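Coordinate analysis (summary)
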Amino acid sequence: MAGVMIKLGAYVFSLDTAAYQQLSRATAYRWQALERVNQLAALQFTGPGEDSISLNGVILPTFRGGLGQLDVMRAEAAKGEPLLMVDGRGYVHGRWVILSVNETQKTFERGGAPLQIEFSIRLRKYDEGY
């Protein structure tokens, strides 16, 4: 997968399309507190919690990829299905859902077309149940 940073469903993040400059991942773990008299609460591990990723980047539509890149990502999200994530090294990260797609358009040319689009996409790990 030359040039691919991450493939999410049918959408490919790459240097030729929407290249993200920052990937942030947060993984939570669940611990239940059991109150005890005259002692600290006992903690019991109850399993993994939410696993989420935020991708932040910039699209330069006149350079490569065109204006419709975030529309394609929104179409993937609108399917309402978990999407397989595979990175450019071939590692399979499992299935993820798209929680939100945000964009900020900057520096416009005649006719209002943006020369720069900043984006952020929030993802959450989908529990496959096995």
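Structure's up top.
None of the values given here were measured: they were computed from a predicted structure.

This part takes up the sheet that holds strand E1 (residues 4-8). Overall, antiparallel pairing links the seven strands, which are arranged E2-E1-E5-E6-E7-E4-E3 in an open sheet. Lying at the two open borders of the sheet, with one neighbouring strand each, are strand E2 (11-14) and strand E3 (19-34). Between one strand axis and the next, the sheet turns through 30 degrees on average, direction left out of account. For strand E5 (residues 83-87) and strand E6 (residues 92-108), the ladder comprises four bridges, and the chain directions are antiparallel. Looking at E6, one finds that Leu84 is bridged to Arg95.

Attention now goes to the environment of Gln32. Structurally, Gln32 can be placed in strand E3. Measuring from C-alpha to C-alpha, the distance between Gln32 and Leu43 comes to 5.6 Å, with 11 residues separating the pair along the chain. Ignoring anything within four residues of it in the chain, the contact list for Gln32 reads Ala42, Leu43, Gln44 and Thr46.

Under the counting rule described, the total for this entry stands at four aromatic pairs. Centroid distance Tyr11 to Phe13: 5.0 Å. Interplanar angle 70 degrees. Geometry classified as edge-to-face. Like Phe13, Tyr11 is buried. Aromatic pair Trp31 and Phe45: ring centres 5.1 Å apart, planes at 55 degrees, arrangement tilted. Highlighted residues: Trp31 in strand E3 and Phe45 in strand E4 (residues 42-59), separated in sequence by 14 residues. Grouping aromatic residues by their ring pairs yields a cluster made of Tyr11, Phe13, Tyr20 and Phe119.

Notably, Asn38 is not glycine yet its phi reads approximately 60 degrees, a positive angle. Note on placement: Asn38 falls in the loop between E3 and E4. Asn38 sits in the exposed class, given a relative accessible area of 79%. Positive phi outside glycine occurs at Thr107, with the angle close to 50 degrees. With respect to the helices and strands, the residue Thr107 is situated in strand E6.

Parameters at a glance
- The written sequence of each chain sets the order in which its residues are numbered from 1.
- Only residues with pLDDT of 70 or above have their local features reported here, since the model is predicted, and side-chain atom pairs are shown and tallied only from 80 upward, although totals for entire chains, interfaces and linings are computed over all residues.
- No hydrogens and no water enter the side-chain calculation; it runs on all heavy atoms of the structure.
- Whether two strands pair depends on DSSP finding at least two bridges between them.
- Only DSSP runs of H or I covering at least 4 residues are called helices, and only runs of E covering at least 2 are called strands; the numbering of each starts at the N terminus.
- Axis geometry follows a simple rule: fit a line to the C-alpha atoms, using only the stretch in contact for helices, then measure angles between N-to-C directions, giving values from 0 to 180 degrees.
- Any two residues whose heavy atoms approach within 4.5 Å are treated as being in contact.
- Here is the rule: rings of Phe, Tyr and Trp (six-membered ring for Trp) pair when centre to centre is within 6.5 Å. Planes less than 30 degrees apart are stacked, more than 60 are edge-to-face, and the remainder are tilted.
- Under the scheme applied here, a residue whose accessible area is under 20% of the maximum for its type counts as buried, over 50% as exposed, and between as partly exposed, the area being computed with a 1.4 Å probe on protein chains only.

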